[in-house]
Amino acid sequence: MNIRIFTLRFDPVLGGFDDSEARAFMSDKEIQAIHDHTFIHQGAPYLLLVVTYHGLDSFERTMPPGKSHASAPSENWRKLLNPGNTPLFNSLREWRAGKAKAEGVPPYFIASNQQLAEMAASRPQTLAGLARIEGVGKGKLERYGNEMLGVLGMESGTKPAASESTVPTAPPEASHEPTG
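Because the structure is predicted, anything quoted here is derived from the model rather than measured.

What counts, and where the lines are drawn
Residues numbered from 1 in each chain as written. Predicted model: local features only at pLDDT ≥ 70, side-chain atom pairs only at ≥ 80, totals over all residues. Heavy atoms only, no water. Pairing = 2+ DSSP bridges. Helix = DSSP H or I, 4+ residues; strand = E, 2+ residues; numbered from the N terminus. pLDDT = per-residue confidence, 0-100. Contact = heavy atoms within 4.5 Å. Axes fitted to C-alpha atoms, helices over the stretch in contact; angles between N-to-C directions. Parallel < 35°, antiparallel > 145°, perpendicular 65-115°, else oblique. Left-handed = near helix turned anticlockwise from the far one by under 90°. Nonpolar A, V, L, I, M, F, W, Y, C, P; charged D, E, K, R; others polar. Phe/Tyr/Trp six-rings, centres within 6.5 Å; stacked < 30°, edge-to-face > 60°. Buried < 20%, exposed > 50% of the residue type's maximum accessible area, 1.4 Å probe, protein only. Lys NZ or Arg CZ within 6 Å of the ring centre and 35° of its normal.

What to know about the pairing of strand 3 (residues 30–41)
Next, step 1: Relative to strand 4 (residues 44–54), strand 3 runs antiparallel, the two sharing 11 bridges. Across the sheet, residue His37 finds its bridge partner in strand 4, namely Leu48.
Next, step 2: Remark: 2 residues form the turn of the hairpin made by strand 3 and strand 4, two consecutive strands paired antiparallel; Gln42 in that turn has positive phi of roughly 50 degrees.

Here we look at the confidence of the model for the protein
Next, step 1: Within the protein, residue pLDDT values average 77, and 74% of them lie at 70 or more.
Next, step 2: Ranking the elements of the protein by mean pLDDT puts helix 2 (residues 56–62) last with 45 and helix 6 (residues 127–131) first with 93.
Next, step 3: Every residue in residues 57–72 is under pLDDT 50, and counting partners more than four places away or in other chains gives 10 contacts.
Next, step 4: The low-confidence segment residues 159–180 (pLDDT under 50) makes 18 contacts with residues lying over four places distant or belonging to another chain.

Looking at the packing of helix 3 (residues 86–103) against helix 5 (residues 113–122)
The relative placement of two packed helices is expressed as an angle between their axes plus a distance between the axes.
Next, step 1: At a minimum axis separation of 9 Å, helix 3 and helix 5 run at an interaxial angle of 135 degrees. In terms of axis orientation, helix 3 runs oblique to helix 5. When the axes of helix 3 and helix 5 are compared, the crossing they make is right-handed. Contacts between helix 3 and helix 5 involve Leu88, Phe89, Leu92, Arg93 and Arg96 from the first element and Asn113, Leu116, Ala117, Met119 and Ala120 from the second.
Next, step 2: Tallied by class, the residues present in the contact of helix 3 with helix 5 amount to 7 nonpolar, 1 polar and 2 charged.

Remarks on the packing of aromatic side chains
Next, step 1: Tallied over the entire structure, the rule returns 7 aromatic pairs.
Next, step 2: Relative to Tyr144, the ring of Trp95 has its centre 6.0 Å away and its plane inclined at 80 degrees; by these criteria the two rings are edge-to-face. Here Tyr144 lies in helix 7 (residues 138–156) and Trp95 lies in helix 3, a separation of 49 residues in the sequence. Here the two residues Trp95 and Tyr144 agree in accessibility, since each one is buried.
Next, step 3: Site record: aromatic cluster; members linked through ring pairs are Phe6, Phe25 and Tyr53.
Next, step 4: Across from the ring centre of Phe25, 4.7 Å away, lies the NZ or CZ of Arg4, which sits over that ring.

Pasting the structure below:
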């Protein structure tokens, strides 16, 4: 496990803290926790971020000699990201980090980077849409689905459809209800 500390000064032009350096740093790491602290120094507000993370290099160092890298964490989720959906992916990661901190679990228990990247790329607007993402089953939908849709909706300026806000009992393609 590694730790990186960022000290961000309040930027009155932005009306907030410029966290672009921290976001760039975290973009290729598996973030375990982010602790934030605010303080004032010489009349200026600061935000201190303490980031605990695992990078691919630390994973490789802990791998036993002769062990295949096939079990290394997949980085395929990066291929789903582009400049148009990266801000949404970052918003989803921030939500996940806060939720993981509140629940005292690692972020990947909430959702993997792959799942968040698929959400950012496909922008589902319903729980049924979320259910189409591999690994997002009934349990995750019940526990986090509406919050995930909230993040997705805030970014796109839409709200989830009320008629589709219940957790599906089966994937949409498995439903064989008669129409008529």
